[in-house]
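# Results of the structural survey
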Amino acid sequence: MTFQQKYRYLFGPVRSRRLGLSLGIDTVPNKTCTFNCVYCQLGRTTYQTILREEYVPANDVMTELADFLEYDGRADYVTFSGSGEPTLHRKLGEMIVRAKRLTNIPVAVLTCSALMYDAQVRHELAQADMILPSLDAASPRTFYAVNRPHGRLYLAEIINGLRQFRAEFSGKIWLEIMLVKGVNDDEEEIALLRRAIAEIQPDKVHLNTVVRPPAEDEAQALSDDELRAVQAKLGPPAEVIAERWTAPRLSLDSRLISEAVNLIARHPMTLEEISHYMNCKPEIIALMLKGLTDSGEVEARTHRGQVFYVALAEENAGAAAGVAAAWPASSAVAKLADEDLEP
Ligand code: SF4
């Protein structure tokens with residue numbers, strides 16, 4: 001049974017540049033959100049609201065998390081995020097507290113900041129270890145253009161809420177700004193954002209751009225040079241985190257890629273074995289492996305006439321190097337490795 005078949009509200013763990021190996025928790029149905037951002041990689045918002053509800057049963061979410069922690073548990077962060085705005089779940093605070101009782105893995109929340117004006121939401125978020133809020137605009141005109149918010153949301157209240165949250169929360173705040181060419185990257189907007197950042201005082205500011213297919217085709221990415229220019233204007237602690245999306249991935253589910261990389265981070269596997277373990281057609285796995293080997297995240301190694309795939313990227317580099325060193329040092333090691341591959 002694949003991860004996706006086993007869990008309804010958990011996803012990943014996904015390889016996140018900011019959080020390492022991040023176990024995602026999805027607390028709202030797809031595209032239930034306060035915003036309808038032009039750059040949203042999930043498409044247009046289908047249910048735009050500011051009403052906090054128990055959109056998915058909190059007990060079921062916690063049961064899944066407990067199961068994951070018991071049977072796998074490998075993650076650097078447990079992250080409330082997913083396919084909409086997590087603070088819309090009215091039991092978010094309770095779920096954060098329960099998650100922290102279940103594990104020592106730090107708990108993070110990704111939020112678009114829309115409900116930061118609400119003291120109750122800020123109180124609930126303050127139960128987490130790290131908050132990753134977004135702020136894409138500092139003028140109302142740009143706010144409406146880039147985030148297309150629910151009609152009862154006001155930018156000044158959101159920025160004020162972020163400022164108050166900084167005073168109330170002792171954990172880390174990593175603010176993300178998604179830059180869209182010609183929409184929120186002009187001199188005036190960047191100067192206003194710089195002023196807002198000075199008020200909010202986040203620990204880090206991450207600059208991103210439209211590297212994945214957006215909700216609206218006209219939402220275009222900034223070039224690397226343009227991103228660096230914005231970084232220079234904002235000054236420290238701004239840093240660029242945008243990662244280019246490579247063509248072979250466009251036709252594949254990112255969760256599938258993540259699951260495959262996780263799988264071969266633990267054991268080198270043949271294409272057929274990956275296909276078998278993931279219950280996925282060999283042609284799809286072959287396409288995915290081509291993209292991953294082209295991008296340098298996975299290496300193909302021939303051993304005893306068979307091609308094995310090994311994950312090499314970032315967090316797995318150490319483990320993969322260990323595998324590389326031992327593989328195939330001797331026939332005994334190779335035999336052990338083969339036995340490890342048995343289901
Ligand atoms: S806040 Fe996030 S989920 Fe909502 S529309 Fe914007 S990018 Fe999409």
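Note: the structure precedes this text.
Report on the accompanying structure. Note that the coordinates shown come from a computational prediction; the quantities given were computed from them, not determined experimentally.

Turning our attention to the overall build of the protein. Secondary structure summary: the protein contains 13 helices and 12 strands in total. Counting over 343 residues, the protein shows a buried share of 52%. Sequence separation of 24 or more characterises 71% of the internal contacts of the protein that already satisfy a separation of 6 or more. Summed over all atoms, the accessible surface of the protein reaches about 15800 Å², with 50% contributed by carbon and sulfur.

Spanning 14 residues, helix H7 (residues 187-200) covers 20 Å between terminal C-alpha atoms, matching the ideal 20 Å at 1.5 Å per step. For H7, the complete set of buried residues consists of Glu-189, Ile-190, Leu-193, Ala-196, Ile-197 and Ile-200. Here the buried residues of H7 occupy an arc of 120° about the axis, which is enough to place them on one side. Facing away from the buried side of H7 by more than 90 degrees, the exposed set consists of Glu-187, Glu-188, Arg-195 and Ala-198. Buried positions along H7 lie against helix H5 (140-147), helix H6 (155-168), strand S8 (172-179), strand S9 (204-209) and helix H8 (224-234). Here H7 starts with a cap whose side-chain oxygen sits 3.2 Å from the backbone nitrogen of Glu-188, and that cap is Asp-186. A positive phi of about 55° marks Gln-201, the residue just after H7.

It is worth spelling out the pairing of strand S2 (residues 20-26) at this point. A regular strand carries its side chains on alternate faces of the sheet. When you tally the buried positions in S2, you get 7 out of 7 residues, the bulk of the element. Here strand S1 (residues 10-16) runs beside S2; their pairing, made up of 5 bridges, is antiparallel. Counted as the bridge partner of Ser-16 is Gly-20 from S2. Hairpin connection of S1 to S2: 3 residues between the antiparallel strands.

Contacts to the ligand come from Lys-31, Cys-33, Phe-35, Asn-36, Cys-37, Tyr-39, Cys-40, Thr-45 and Cys-112. Residues belonging to the shell around the ligand are distributed by class as follows: 6 nonpolar, 2 polar and 1 charged.

Take the side chain of Thr-34 next. Tracing the sequence through the fold places Thr-34 in the loop between strand S3 (32-33) and strand S4 (47-48). Assessed through its relative accessible area of 0%, Thr-34 is described here as buried. Once residues within four sequence positions are removed from consideration, Thr-34 is found in contact with Gln-48, Thr-49, Ile-50, Glu-85, Leu-88, Cys-112, Ala-114, Leu-115, Pro-149, His-150 and Leu-153.

Summed over the entire model, instances satisfying the criterion amount to 17 salt bridges. Here Arg-52 and Glu-124 are joined by a salt bridge, their closest N and O atoms 2.8 Å apart. Placement of Arg-52 in the loop between S4 and helix H2 (58-71) and of Glu-124 in helix H4 (residues 119-125) is noted, with a sequence separation of 72 residues between them. By the burial criterion, Arg-52 is buried, and Glu-124 matches it. Glu-226 is paired through a salt bridge with Lys-181; the nearest N and O atoms lie 2.4 Å apart. Within this pair, whereas Glu-226 is found in helix H8, its partner Lys-181 is found in the loop between S8 and H7, the two being separated by 45 residues in sequence. Taking relative accessible area as the criterion, Glu-226 reaches 28% and is therefore assigned partly exposed. On the basis of relative accessibility, which here comes to 37%, the residue Lys-181 falls in the partly exposed class.

By definition, the strands of a sheet pair up through backbone hydrogen bonds, in either a parallel or an antiparallel sense. Spatial ordering of the open sheet is given by S1-S2-S5-S6-S7-S8-S9-S10, a layout of 8 strands whose pairing is mixed. Edge strands, defined here as strands with exactly one partner in the open sheet, are S1 and strand S10 (238-240). With strand direction ignored, the average angle separating the axes of adjacent strands in the sheet is 25°. Bridging between S2 and strand S5 (residues 77-81) involves 5 bridges; their strand directions are parallel. Of the residues in S5, the one forming a bridge with Leu-23 is Val-78.

This part is about the packing of H7 against H8. One can describe the packing of H7 onto H8 by two numbers: an axis separation of 9 Å at closest approach and a directional angle of 45°. The pairing of H7 with H8 is recorded here as oblique in orientation. Considering only the axes of H7 and H8, their crossing is right-handed. Contacts from Glu-187, Ile-190, Leu-193, Arg-194 and Ile-197 in H7 reach Val-230, Lys-233 and Leu-234 in H8. Across the contact of H7 with H8, the residue classes tally to 5 nonpolar, no polar and 3 charged.

Rules used in this analysis
- Residues numbered from 1 in each chain as written.
- Predicted model: local features only at pLDDT ≥ 70, side-chain atom pairs only at ≥ 80, totals over all residues.
- Heavy atoms only, no water.
- Helix = DSSP H or I, 4+ residues; strand = E, 2+ residues; numbered from the N terminus.
- Buried < 20%, exposed > 50% of the residue type's maximum accessible area, 1.4 Å probe, protein only.
- Contact = heavy atoms within 4.5 Å.
- Areas by Shrake-Rupley, 256 points an atom, 1.4 Å probe, with all protein chains shown as cover.
- Expected span 1.5 Å × (residues − 1).
- Arc of directions from axis to C-beta.
- Polar contact = N/O pair within 3.5 Å; in protein donor to acceptor, adjacent residues only side chain to side chain.
- Pairing = 2+ DSSP bridges.
- Near = heavy atom within 4 Å.
- Nonpolar A, V, L, I, M, F, W, Y, C, P; charged D, E, K, R; others polar.
- Salt bridge = Lys/Arg side-chain N within 4 Å of Asp/Glu carboxyl O.
- Axes fitted to C-alpha atoms, helices over the stretch in contact; angles between N-to-C directions.
- Parallel < 35°, antiparallel > 145°, perpendicular 65-115°, else oblique.
- Left-handed = near helix turned anticlockwise from the far one by under 90°.

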